[in-house]
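Observations on chain architecture
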Amino acid sequence: GAVVSQHPSWVICKSGTSVKIECRSLDFQATTMFWYRQFPKQSLMLMATSNEGSKATYEQGVEKDKFLINHASLTLSTLTVTSAHPEDSSFYICSASTSGRAYEQYFGPGTRLTVT
Amino acid sequence: GQQLNQSPQSMFIQEGEDVSMNCTSSSIFNTWLWYKQDPGEGPVLLIALYKAGELTSNGRLTAQFGITRKDSFLNISASIPSDVGIYFCAGLGSTLGRLYFGRGTQLTVWP
């Protein structure tokens, strides 16, 4: 149980284009989803927290107009990187948490984004 | 933000040896979590600790929640090659569901 999927697992896009990453909780309802980014050999940095049906809360320094997060249902959240630049290349990981067990976050397998 | 200091940064050990890594924080956490991440994958939860002083085992893994609530350690006994990966500690802060991660310990196990 508690499986989280991400799609795509990797994507290469050209500078200036937008890319959408999906995060799904497959066998549970996730009231809260989190988006992280991870640079090589670095830790996970929280980008934003999203609750179903409401606007995401972004961490300081994360541009909300650049990283658009939508959490339209209890099983799906999307992260759209708009007007991507090479410095946006990173490993993006989502996690999902069930109501009442917020201390247990289940992570997706990540999406490798490369912007050329 | 809250800082977690995780050490060591990397370890190179021989199969069969025991491993110990730890995390310290300047802030108190209510929950400590230990994750393992394989290359190109998301972190997988290994052990969760909910009470100060708690000692919890999961197979060959043992973790403890420090009495001061500002530290935790993870031990792996009789390491095997599949233990290779990056181990992260994480603390659950006062904001519901907000995790703070350590920088990770890269473990390499030689057969």
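Residues numbered from 1 in each chain as written. Chains lettered and ligands numbered in written order. Predicted model: local features only at pLDDT ≥ 70, side-chain atom pairs only at ≥ 80, totals over all residues. Heavy atoms only, no water.

**Comments concerning the overall build of chain B**
When its secondary structure is counted, chain B shows zero helices and eleven strands. Taken from N to C terminus, the helices and strands of chain B fall in the order β-β-β-β-β-β-β-β-β-β-β. Here chain B has a C-alpha radius of gyration of 13 Å; the compact-globule value for 111 residues is 13 Å, and the two agree. Seen through its principal axes, chain B has C-alpha atoms that stretch 40 × 30 × 20 Å. Among the 111 residues that make up chain B, the fraction classed as buried is 46%. Considering only contacts in chain B between residues 6 or more positions apart, those separated by 24 or more positions represent 52%. In the form shown here, chain B has an accessible surface area of approximately 5,300 Å², with 52% of it arising from carbon and sulfur atoms. Side-chain charges of chain B comprise 7 positive and 8 negative groups, with the mean position of each set lying 14 Å from the other. (Helix = DSSP H or I, 4+ residues; strand = E, 2+ residues; numbered from the N terminus. Rg over C-alpha atoms; globule rule 2.2 N^0.38 Å. Buried < 20%, exposed > 50% of the residue type's maximum accessible area, 1.4 Å probe, protein only. Contact = heavy atoms within 4.5 Å. Areas by Shrake-Rupley, 256 points an atom, 1.4 Å probe, with all protein chains shown as cover. Lys, Arg positive; Asp, Glu negative; His and termini not counted. Charge placed at Lys NZ, Arg CZ, Asp CG, Glu CD.)

**Regarding the sheet that holds strand E3 (residues 19–25) of chain A**
Across a sheet, strands are paired by hydrogen bonds formed along the backbone, either parallel or antiparallel in direction. Residue and element names in this part refer to chain A. The four strands are arranged E1-E3-E8-E7 in an open sheet whose pairing can be described as antiparallel. Each edge of the open sheet carries a strand with a single partner, namely strand E1 (4–7) and strand E7 (67–73). The mean inter-strand angle of the sheet, taken between neighbouring strand axes irrespective of direction, is 15 degrees. (Pairing = 2+ DSSP bridges. Axes fitted to C-alpha atoms, helices over the stretch in contact; angles between N-to-C directions.)

**Thoughts on the environment of Gln-9 of chain B**
All names here are of chain B. Turning to its location among the elements, Gln-9 is positioned in the loop between strand E1 (4–7) and strand E2 (10–14). On the basis of relative accessibility, which here comes to 63%, the residue Gln-9 falls in the exposed class. Sequence separation between Gln-9 and Ile-86 is 77 residues; the distance between their C-alpha atoms is 9.5 Å. When near neighbours in sequence (up to four residues on either side) are disregarded, Gln-9 contacts Gly-104, Thr-105 and Gln-106.

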